[in-house]
Amino acid sequence: VRALVDTFGCQQNVADSQHIMGMLEAMGCEFVTEPTQADIIVLNTCAIREHAEQRAFGNLGALTHTKRRHPEQKIFLCGCMAGETKVSDRVKHSYPHVDGVFSTHHLWQFPQILWNVLSGKKRQFFIEDEPGSIAEGIPQVRDSKLKAWVSIMYGCNNFCTYCIVPYVRGREKSRRPKEILQEIEKLADDGVVEIMLLGQNVNSYGKNLEDEISFAQLLQEVEKIDKIKRIRFMTSHPKDLSDELIEVMKNSDKICRHLHLPLQSGSTKILKAMNRRYTKEQYLELAAKIRREIPDISLTTDIMVGFPGETAEDVDDTIDVIRKVGFDNAFTFIYSVRTGTPAAAMDQVPEEEVHAGFDRVLEAVQETARKQVARLQGQTLTALVEEVNEQDASLVTGRLSNNTIVHFPGSADLIGQIVPVKLEECHGFYYTGHRVEETK
């Protein structure tokens, strides 16, 4: 049996897809990349922006043709979109070739859902919110031998007024530290050297556990696992980032010098309308504190332009924050109306104003990011060698602790090693350099 899992969206979706593939592999499936070759197709979707939803529906519609040629093919829609009632209703009535829809809460039930479809039962729709416990021990197919993503919590309690995530992924649920650490130890034994801890807001990890534990304390436990050499995490909500976390990062040899700290807007007025629960001044103060305590840190962010009520002056505030913080990079995007969120009922900004603001923000981001990356020139920093360079086989590609890419001469036997590299030439957002031999 051949299967195809197609993923849209964030790292959490990719991690979920790896579990779906793990379950399919355990059932004896092999994986293909073309829909025409697949007996089972799973579309794991994102609901953050309208464009992502339209793209998923477009892909779903195109599968009508593959199923016509291959009537035994079984097609499933899952992920964040599947948690929206309007989406499951649309699939039910307008996409009869789709055999099943299941939300993120029902991911662990996929083998049962698949069996129900294969054994001739009617189409399967598993979309209700299940507030119960977290399913542990789901198998996983990873796309890297060196790096792995580990979900430490699911859901979100923040209810930013533009965001659909709390409605489709439910309330925050933290995994128990014991299960997280056992999973990481097993990954380390399998050769993984770098892990990325995932959550919608990792800073509030542990608050709903019987034995309360902070995210900073969890990081300290992960650090004790010898074979893990690097620890990354995302995403951090500014309102919950503690002094304890800054201190743990500052004193760690393993926690990477990179922090993704979503800003969304630099305007206090807009931040309040977004229900972000911090002000422009509080964000600037936090960023300054992080830079002061960890001078070599790379700060990246998310910025939204065109939120209802945003004016040119609010965009000026955002640009002011970009310049004062000096982000190393930013994911900049235009606000997208999500039905069912409070912001959808607010007065929307005219499209031409949104695009004018977006262009200004993007220019400021690119300008500061170039300066930030260029400051590393001439330094010798350690890089985890990830692969032989795709364009030039005489080079390898490594990643610095701060997430910057560097290409330098080397061979495949370096993959998986952390080596010192002199950064010789900055090419915008990556470097070329050479390996520095370590003295014994």
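First, a word on what this report is: a plain description of the structure on this page. In this convention, every chain numbers its residues from 1, walking through the sequence in written order. In view of the model being predicted, local features appear only for residues whose pLDDT reaches at least 70, and side-chain atom pairs are presented and counted only at 80 or more, with totals across whole chains, interfaces and linings using the full set of residues. Heavy atoms throughout the structure, all of them, feed into the side-chain values; hydrogens and water do not.

## Side note on the overall build of the chain
A run of H or I in DSSP becomes a helix once it reaches four residues, and a run of E becomes a strand once it reaches two; helices and strands are each numbered from the N terminus. Each helix and strand counted, the chain has 12 helices and 19 strands in total. Taken against the 2.2 N^0.38 rule, which gives 22 Å for 440 residues, the C-alpha radius of gyration of the chain at 23 Å falls within 12% of a compact globule. The buried share of the chain, taken over its 440 residues, is 54%. Excluding contacts between residues fewer than 6 apart, the proportion of contacts in the chain whose partners are at least 24 apart in sequence is 74%. Each accessible area value is a Shrake-Rupley result obtained with a 1.4 Å probe; residue values ignore everything except the protein chains displayed when judging cover. Carbon together with sulfur atoms contributes 50% to the accessible area of the chain, which is approximately 20000 Å² in total. Across the chain, 52 positive and 63 negative side-chain charges occur, with their mean positions spaced 2 Å apart. Every radius of gyration here is taken over C-alpha atoms, with the globule rule written as 2.2 Å times N^0.38, N being the number of residues. Buried means the residue's accessible area, taken with a 1.4 Å probe over protein chains only, is under 20% of the maximum for its type, while exposed means over 50%, and partly exposed covers the values in between. Contacts: residue pairs with any heavy atoms within 4.5 Å of one another. The charge count treats Lys and Arg as positive and Asp and Glu as negative. His and the chain ends do not count. By convention, the point assigned to a charge is CZ for Arg, NZ for Lys, CD for Glu and CG for Asp.

## Concerning the pattern of salt bridges
By salt bridge we mean one thing: a side-chain nitrogen of Lys or Arg within 4 Å of a carboxyl oxygen of Asp or Glu. Scanning all chains against the criterion turns up 29 salt bridges. Between Lys324 and Asp320 there is a salt bridge; the shortest N-O distance is 2.9 Å. Placement of the pair is Lys324 and Asp320 together in helix α11 (residues 312–325), with a separation of four residues, close to one helical turn. When its relative accessible area of 55% is taken as the criterion, Lys324 is described as exposed. In this structure, the salt-bridge partner of Asp328 is Arg375, at a minimum N-O distance of 3.1 Å.

## Re the sheet that holds strand β16 (residues 395–400)
Two strands pair under a simple rule: DSSP has to find at least two bridges between them. Taken in spatial order, the five strands of this closed barrel run β15-β16-β17-β19-β18, and their pairing is mixed. Between one strand and the next, the sheet's axes are offset by a mean angle of 50 degrees, whatever the strand orientation. As judged from the five bridges shared by strand β15 (residues 380–388) and β16, these two strands associate in the antiparallel manner. Bridging across to β16, Val385 finds its partner in Gly398. Where helices are involved, their axes are fitted lines through C-alpha atoms of the stretch in contact, as for all axes, and angles between N-to-C directions lie from 0 to 180°.

## Notes on the pairing of strand β10 (residues 194–198)
Within β10, five of the five residues are buried, which leaves it mostly tucked inside the rest of the structure. Relative to β10, strand β7 (residues 147–151) runs parallel, the two being bridged by five bridges. Within β10, the position partnered with Trp149 by the bridge is Met196. Both β10 and strand β11 (residues 230–234) contribute to a ladder of five bridges, which runs parallel. When the sheet's bridge partners are listed, Ile195 is paired in β11 with Ile231. Where the polypeptide runs from β10 across helix α7 (residues 215–223) and back to β11, its parallel neighbour, the crossover connection is right-handed. Look down the strands so they point away from you; if going from the first strand over the helix to the second traces a clockwise path, that crossover is right-handed.

## A few points about α7
Within the span of α7, buried status applies to Phe215, Ala216, Leu218, Leu219 and Val222. Relative to the axis of α7, the buried residues are bounded by an arc of 155 degrees and lie together on one face. The inward-facing, buried residues of α7 abut α6 (177–189), β10, β11 and α8 (243–250). This arc describes the spread of directions from the helix axis toward the C-beta atoms.

## Focus on helix α10 (residues 280–293)
A helix's residues, less one, multiplied by 1.5 Å, set its expected span. Between its first and last C-alpha atoms α10 spans 20 Å; for 14 residues at 1.5 Å apiece the expected length is 20 Å, and the two agree. Within α10 the residues assigned to the buried category are Lys280, Tyr283, Leu284, Leu286, Ala287, Ile290 and Arg291. Down the axis, α10 shows its buried residues gathered within 160 degrees of arc, on one side only. Set apart from the buried face of α10 by more than 90 degrees, the exposed residues are Glu285 and Arg292.

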